[in-house]
Amino acid sequence: MISLLLSGLLKFIGYLHSNVLLINDFLLVLLVFGPAILVTIILVFKKFSRF
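Since this is a predicted model, take the numbers as computed values, not measurements. (Residues numbered from 1 in each chain as written. Predicted model: local features only at pLDDT ≥ 70, side-chain atom pairs only at ≥ 80, totals over all residues. Heavy atoms only, no water.)

**Here's the deal with the overall build of the protein**
- Helix and strand counts for the protein stand at 2 helices and 0 strands.
- Taken over C-alpha atoms, the radius of gyration comes to 18 Å for the protein, far larger than the 10 Å a tight globule of 51 residues would show.
- By principal-axis analysis of the C-alpha atoms, the protein measures approximately 55 × 30 × 10 Å.
- Across the 51 residues that make up the protein, the buried fraction comes to 2%.
- In the structure as shown, the protein presents an accessible area of about 5,300 Å², 77% of it carried by carbon and sulfur atoms. (Helix = DSSP H or I, 4+ residues; strand = E, 2+ residues; numbered from the N terminus. Rg over C-alpha atoms; globule rule 2.2 N^0.38 Å. Buried < 20%, exposed > 50% of the residue type's maximum accessible area, 1.4 Å probe, protein only. Areas by Shrake-Rupley, 256 points an atom, 1.4 Å probe, with all protein chains shown as cover.)

See below:
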């Protein structure tokens, strides 16, 4: 119930102040693909460090 109220409040604030919440494309790509790239790099380093 608290999460629904919090998300509704944030959506309302975002509707009122939409110019503050603009995210550029590079930041969006970094937020979406950054964790996957980081995990891939860690797995590759773990695999090559065994030799």
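Picking up where we left off.
**Considering a nonpolar patch on the surface**
- Together, L6, L9, L10, F12, I13, Y15 and L16 make up a nonpolar patch on the protein surface, roughly 770 Å² of accessible area in all.
- Note on placement: Y15 falls in helix α1 (residues 2–16). (Patch = residues over 30% accessible without salt bridge, like charges linked within 9 Å, V, L, I, M, F, W, Y side chains within 5 Å. Salt bridge = Lys/Arg side-chain N within 4 Å of Asp/Glu carboxyl O.)

These results come straight from atomic positions and should not be treated as a statement about function.
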